[in-house]
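Residue-level structure breakdown
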Amino acid sequence: DKTQIGEVLGKEVDSAFVKVKAGEEEVDSEKGGNGFFLRVLYHYVDIMEFTDRAFDDSIRLFLSGFRLPGEAQKIDRIMEKFAERFTRQNEKVFPS
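Residues numbered from 1 in each chain as written. Predicted model: local features only at pLDDT ≥ 70, side-chain atom pairs only at ≥ 80, totals over all residues. Heavy atoms only, no water.

**Re the overall build of the protein chain**
- Each helix and strand counted, the protein chain has 4 helices and 0 strands in total.
- Secondary structure elements in the protein chain, listed N-terminal to C-terminal, are α-α-α-α.
- In terms of overall dimensions, the protein chain has a C-alpha envelope of 50 × 25 × 20 Å along the principal axes.
- In the form shown here, the protein chain has an accessible surface area of approximately 6500 Å², with 53% of it arising from carbon and sulfur atoms.
- Where the 15 positive side-chain charges of the protein chain centre and where its 19 negative ones centre are 3 Å apart. (Helix = DSSP H or I, 4+ residues; strand = E, 2+ residues; numbered from the N terminus. Areas by Shrake-Rupley, 256 points an atom, 1.4 Å probe, with all protein chains shown as cover. Lys, Arg positive; Asp, Glu negative; His and termini not counted. Charge placed at Lys NZ, Arg CZ, Asp CG, Glu CD.)

**Let's talk about unusual backbone geometry**
- The residue Asp52 is not glycine, and still its phi comes out positive at about 60 degrees.
- With respect to the secondary-structure elements, Asp52 resides in the loop between α2 (36-46) and α3 (55-63).
- Its relative accessible area of 74% is what places Asp52 among the exposed residues. (Buried < 20%, exposed > 50% of the residue type's maximum accessible area, 1.4 Å probe, protein only.)

**What to know about the packing of α3 against helix α4 (residues 72-89)**
- Closest axis-to-axis distance for the α3/α4 pair is 11 Å, and the angle between their directions is 135 degrees. Relative to α4, the element α3 lies oblique. In this structure, α3 meets α4 at a crossing whose hand is right-handed. Mapping the contact onto sequence places Phe55, Ser58, Ile59, Phe62 and Leu63 in α3 and Ile78, Met79, Phe82 and Phe86 in α4.
- Considered class by class, the residues forming the contact of α3 with α4 number 8 nonpolar, 1 polar and no charged. (Axes fitted to C-alpha atoms, helices over the stretch in contact; angles between N-to-C directions. Parallel < 35°, antiparallel > 145°, perpendicular 65-115°, else oblique. Left-handed = near helix turned anticlockwise from the far one by under 90°. Contact = heavy atoms within 4.5 Å. Nonpolar A, V, L, I, M, F, W, Y, C, P; charged D, E, K, R; others polar.)

**Comments concerning a nonpolar patch on the surface**
- Together, Phe55, Val93 and Phe94 make up an exposed nonpolar region whose accessible area comes to about 280 Å².
- By secondary structure assignment, the location of Val93 is in the segment after α4. (Patch = residues over 30% accessible without salt bridge, like charges linked within 9 Å, V, L, I, M, F, W, Y side chains within 5 Å. Salt bridge = Lys/Arg side-chain N within 4 Å of Asp/Glu carboxyl O.)

Structure follows, in structure tokens:
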């Protein structure tokens, strides 16, 4: 479900997939600990290829895999990562 994918990609920075009980050792973010969902977002964006694509085609491609969540902070987190990836791959599109 694209809505659920968007919710997962937009989860809070310190969200964990694996819940740790009091007294237990913390779980690495790669294994579901704190920051797990942020790593999922980063991995998702990092597999996208925007080199030499127009901005509108790139954002359509990016948004085709999920539906943006309703919360502004989640949207901001997702779009910031997209912008970072797009500008890294297309440095001449938005020169500073």
